[in-house]
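# A look at the structure
In case you want the letters, here they are:
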Amino acid sequence: MFNNSDYSEFSLGNFTFKRDRYFATVKWPGGEHIISIDDFLRAIMRDVAWDFFYGVVNFDHVVGTCNYYGKVELFAGKYHSQYKKLNRHYSETHELNDIKNVFMLILENWCTANFDPFAAPQETIAPWHDTTEGPNKAIHRKRVVAQRMVGLPGDAKIRRCEEGFPINRHFLDVDQEEPCILAEPGFEKELGGFNLFSYLSRSDVTWNPSVCSVVKDSLFCPTTEEHKLPIIHGNDRVEWFIQLSDEITWNIEDKETGEPLAKITMKPGDVAAMPANIRHQGYSPKRSMLLVWENGSPSIPELIRKGKAPTNPVDF
Ligand code: PHB
Ligand code: FE
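The paragraphs below set out a description of the structure included in this document.

What counts, and where the lines are drawn
- Residues numbered from 1 in each chain as written.
- Chains lettered and ligands numbered in written order.
- Predicted model: local features only at pLDDT ≥ 70, side-chain atom pairs only at ≥ 80, totals over all residues.
- Heavy atoms only, no water.
- Near = heavy atom within 4 Å.
- Polar contact = N/O pair within 3.5 Å; in protein donor to acceptor, adjacent residues only side chain to side chain.
- Areas by Shrake-Rupley, 256 points an atom, 1.4 Å probe, with all protein chains shown as cover.
- Helix = DSSP H or I, 4+ residues; strand = E, 2+ residues; numbered from the N terminus.
- Nonpolar A, V, L, I, M, F, W, Y, C, P; charged D, E, K, R; others polar.
- Donors = N, O, S within 2.8 Å, 3.2 Å for Na, K, Ca; no water.
- Buried < 20%, exposed > 50% of the residue type's maximum accessible area, 1.4 Å probe, protein only.

### Remarks on the site of ligand 1
Close to ligand 1 lie 15 residues, the nearest being Trp207, Glu225, His233, Glu239 and His280. Note that an oxygen atom of ligand 1 is positioned 2.6 Å from one of the side-chain N or O atoms of glutamate 225. A distance of 2.9 Å separates an oxygen atom of ligand 1 from a polar side-chain atom of histidine 233. Here ligand 1, which alone exposes 280 Å², has 100% of that area covered by the protein. Those elements that place two or more of their residues in the shell around ligand 1 are β10 (218–228), β12 (239–245) and β16 (278–295). Ranked by residues supplied to the shell around ligand 1, first place goes to β16 with three residues. The residue makeup of the shell around ligand 1, split by class, is nine nonpolar, four polar and two charged.

This is how it looks when you write it as structure tokens:
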């Protein structure tokens, strides 16, 4: 039987984290905030799996993290106009590994064995059910990070049924044929190609971009999406989205205040550039394929702060 004391309490600096059946409660000096436990676990799962990502990862409109690449700020109300206006916001900056360790301990202690925070809600069991005891394997998955490109010798592998990657129920119609690569002798290790649609049709995670090809700082990070992005991402650089299949609707808000700015629905073939001064959250009614194109250069946030790089990539 479920008992509220089954779950440990955690702290980081002056923040504390507590779980009951349905909720996570985050407290800090001068405030506290309650988040549905499934939303909270899905959000911190992404945050640690991505090493705190680019810029701000809002768990909701109040609590989240900001990545300073080496150090990470944990905040409450810092990107909320009313908390700011009433001076009720609070934040602390910690070493990346310290905050990562606490979030990992929370995931290990709070995720029931059968709850997979990376799965679509229809494909997992909610974390408030009494389920079997035991360690949760889903939370220790390694994110795919190709060095050059998926499928090249020594790099991330193409996905196949035999390796535990069956085709997802929503992608049964996706062509599975791989390209035939005929390299000139001597270029066998340099030339490659793979069927990205087949690769994505076999993804067992949602809202988890994996680095599939790399050219210097240019990172192609395709992902499969279903239900909603479990965080609201506050960009610190321009990001490009290419909708590869199906449909995603994005809510776009001001990065600092959360003021609504735009809603866009992307259909297959649509391309969008998300500016560096917004936050966004995506909604995908059916599993879809999205290519996220990132410029991974560490110098961009500083260039934008100094006004030497624009917050939008094109002026019309
Ligand atoms: C984003 O914030 O840009 C983002 C994050 C995860 C995804 C897709 C987009 O799966
Ligand atoms: Fe983003």
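Having seen the model, we can carry on.
### Points about the coordination of the iron ion (ligand 2)
Every protein donor of the iron ion (ligand 2) is listed here as His233 (ND1), Glu239 (OE) and His280 (NE2), and their distances to the metal cover 2.0 to 2.1 Å. The sequence motif formed by the donor residues of the iron ion (ligand 2) is H-x5-E-x40-H. Each member of the pair, histidine 233 as well as glutamate 239, carries the same accessibility label: buried.

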